[in-house]
Amino acid sequence: MNEEPDALSVVNQLRDLAADPLNRRAIVQDQGCLPGLILFMDHPNPPVVHSALLALRYLAECRANREKMKGELGMMLSLQNVIQKSTTPGETKLLASEIYDILQSSNMADGDSFNEMNSRRRKAQFFLGTTNKRAKTVVLHIDGLDDTSRRNLCEEALLKIKGVISFTFQMAVQRCVVRIRSDLKAEALASAIASTKVMKAQQVVKSESGEEMLVPFQDTPVEVEQNTELPDYLPEDESPTKEQDKTVSRVGSHPEGGASWLSTAANFLSRSFYW
């Protein structure tokens, strides 16, 4: 008898599939995956909730998905519940607030959108406290980020840092765009990546003329506060099919890869929530 995948395994696979822009519309159009991700936001295991939110954040990056996501039953209410729940970790609150802002502004007038987004941010700041007034974005160029196994190592290192909200890999240019709390230093990200022993990060900044520059970090290690509530993610032998210079395998590109896992996820969600 085949072993039934658990909720964390399924949501991690959906998160990895959603990281590839080529998969995002297919996931949202699937009848089971988007409703399942919404239900995962109410899961009792915090890592499942965080991983589901990462998947939804990836999906919301596709403008064509936003109206359907916003109109999906329970989406906006579940995001509000995550933000307002007293036991939700700070990084997870910020991530949920960010997704809410993106979806809420998808069909609003510019003025209404601006006011609504400011309102949501103020509410998130209230829940997070005075030390987390806003999130910031850090762009890293990562030497050695050249295949899926290295991406997984980098992902595991970043997930262990308390204060990391979300991240997106751009494998073709060896970059990672990381959203972090304002009180977390970029040097902590570099230290975590250097701890892999096979990759090294530099920060991408823009000069006054608008040209991009690579700024190296100091070699002195920075103490990193660990995310103790997050368990280890899937081992390498359970990750999607490896492909050079691709974030994850494409839906439909391999029978044993993205498409089969999308089907597995939908079947799991159907058995878990709709029987």
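In this report, we go over the structure that sits alongside the text. Just so it is clear, the structure is predicted and the values come from calculations on it, not from any experiment.

Here is what the cut-offs are and how they apply
- Residues numbered from 1 in each chain as written.
- Predicted model: local features only at pLDDT ≥ 70, side-chain atom pairs only at ≥ 80, totals over all residues.
- Heavy atoms only, no water.
- Core = buried A, V, L, I, M, F, W, Y, C linked by side-chain atoms within 4.5 Å.
- Buried < 20%, exposed > 50% of the residue type's maximum accessible area, 1.4 Å probe, protein only.
- Helix = DSSP H or I, 4+ residues; strand = E, 2+ residues; numbered from the N terminus.
- Axes fitted to C-alpha atoms, helices over the stretch in contact; angles between N-to-C directions.
- Parallel < 35°, antiparallel > 145°, perpendicular 65-115°, else oblique.
- Left-handed = near helix turned anticlockwise from the far one by under 90°.
- Contact = heavy atoms within 4.5 Å.
- Nonpolar A, V, L, I, M, F, W, Y, C, P; charged D, E, K, R; others polar.
- Pairing = 2+ DSSP bridges.

1. Brief notes about the nonpolar core
- Grouped together as the largest cluster of nonpolar side chains are 66 residues, with contacts concentrated most on Leu53, Leu56, Met75, Leu79 and Leu189.
- Counting residues per element, this core draws most heavily on helix H4 (residues 46-60), at 10 residues.

2. What to know about the packing of helix H3 (residues 33-40) against H4
- Where H3 contacts H4, the two axes come as close as 8 Å, and the packing angle between them is 140 degrees. One finds that H3 runs oblique with respect to H4. Crossing hand, H3 versus H4: left-handed. Here Leu34, Leu37 and Phe40 of H3 lie close against H4, whose contacting residues are Val48, Val49, Ala52, Ala55, Leu56 and Leu59.
- When grouped by side-chain class, the residues that make up the contact of H3 with H4 number nine nonpolar, no polar and no charged.

3. Notes on the sheet that holds strand E5 (residues 212-216)
- Pairing within the open sheet is antiparallel, and its five strands lie in the order E2-E3-E1-E4-E5. Pairing within the sheet leaves two strands with one partner each, and these edge strands are strand E2 (164-170) and E5. The sheet shows a mean angle of 35 degrees between the axes of neighbouring strands, taken without regard to direction.
- Relative to E5, strand E4 (residues 200-206) runs antiparallel, the two being bridged by five bridges. Bridged to Val204 within E5 is Leu214.

4. Structural notes on unusual backbone geometry
- The backbone phi angle of Gln174 is positive, close to 55 degrees, even though this residue is not glycine.
- Mapped onto the fold, Gln174 is located in the loop between E2 and strand E3 (175-181).
- Despite not being glycine, Lys197 shows a phi value in the positive range, around 70 degrees.
- Along the chain, the position of Lys197 falls in the loop between helix H10 (186-194) and E4.
- Judged by its relative accessible area of 74%, Lys197 falls in the exposed class.

5. Focus: the pairing of E3
- Counted residue by residue, E3 has five buried out of seven residues, so it is predominantly covered.
- Pairing of E2 with E3, which is carried by six bridges, proceeds in the antiparallel orientation. Bridged to Thr168 within E3 is Val177.
- From the end of E2 to the start of E3, which pair antiparallel, there are four residues, and Gln174 there has a positive phi angle of about 55 degrees.

Shape descriptors only; they carry no functional weight alone.
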